[in-house]
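Chain by chain, the residues run as shown.
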Amino acid sequence: MVILEIESVNQFNNYILKDKKNNKNYNLHMEFYGIQKPVNGSSIALDEFLLNPNYEGYSQPYAFKLCENENSSNLNDTEKIALKTNTNKYILKRLYG
């Protein structure tokens, strides 16, 4: 899992994410369901595979929903992300992308 910080987000859900460990930036279109839209300064942990430009879904929007009534330990690392905001921590399931 790679930990990325949200540096900015626009009204079209384009997120600029910063990998501070490797000093890399990523521009991903991300949609979130069941939670408030994450803001600058929030952290996202996701599988490095999803950041690979050669992955067929890389150029498509990523969509995530809150894991409710699901055991997130049954999901593999490419199917879930962790999100930490100023006030909450979430485990989200990847819907597509």
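Anything mentioned here points back to the structure above.
The structure displayed is predicted, hence computed values, not measured ones.

1. Digging into the environment of M30
You can see M30 is positioned in strand β3 (residues 24-33). When the C-alpha atoms of M30 and F64 are compared, they prove to be 7.8 Å apart, with 34 residues separating the residues in sequence. Once residues lying within four places of it in the same chain are set aside, the contact partners of M30 are N13, Y15, L17, I44, L46, Y62 and F64.

2. Quick look at the environment of K84
With respect to the element layout, K84 can be found in strand β6 (residues 80-84). Considering only alpha carbons, one finds K84 and G41, 43 residues apart in sequence, at a separation of 9.2 Å. Apart from the residues within four sequence positions on either side, K84 is in contact with S42, S43 and K89.

3. Some points on the sheet that holds strand β7 (residues 89-96)
Ordered in space as β1-β2-β3-β5-β7-β6-β4, the seven strands form a closed barrel in which the pairing is mixed. Strand-to-strand, the axes of this sheet are offset by a mean angle of 40°, without reference to chain direction. Across five bridges, β6 lies against β7 in antiparallel orientation. Among the inter-strand pairings, I81 is bridged to a residue of β7, identified as L92.

4. Looking at unusual backbone geometry
At N13, a residue that is not glycine, the phi angle is positive and equals roughly 65°. Inspection of the secondary structure puts N13 in the loop between β1 (2-9) and β2 (14-19). Look at N23: it is not a glycine, yet its phi comes out positive at around 55°. Mapping N23 onto the fold places it in the loop between β2 and β3.

5. Overview of the side chain of E31
For E31, the position within the fold is in strand β3. Buried and without a salt bridge, E31 has K37 as its closest oppositely charged side chain, separated by 9.8 Å. For E31, the residues in contact, after removing those within four places along its chain, are N13, P61, Y62, A63, F64 and Y96.

How each quantity is defined
Residues numbered from 1 in each chain as written. Predicted model: local features only at pLDDT ≥ 70, side-chain atom pairs only at ≥ 80, totals over all residues. Heavy atoms only, no water. Helix = DSSP H or I, 4+ residues; strand = E, 2+ residues; numbered from the N terminus. Contact = heavy atoms within 4.5 Å. Pairing = 2+ DSSP bridges. Axes fitted to C-alpha atoms, helices over the stretch in contact; angles between N-to-C directions. Buried < 20%, exposed > 50% of the residue type's maximum accessible area, 1.4 Å probe, protein only. Lys, Arg positive; Asp, Glu negative; His and termini not counted. Salt bridge = Lys/Arg side-chain N within 4 Å of Asp/Glu carboxyl O.

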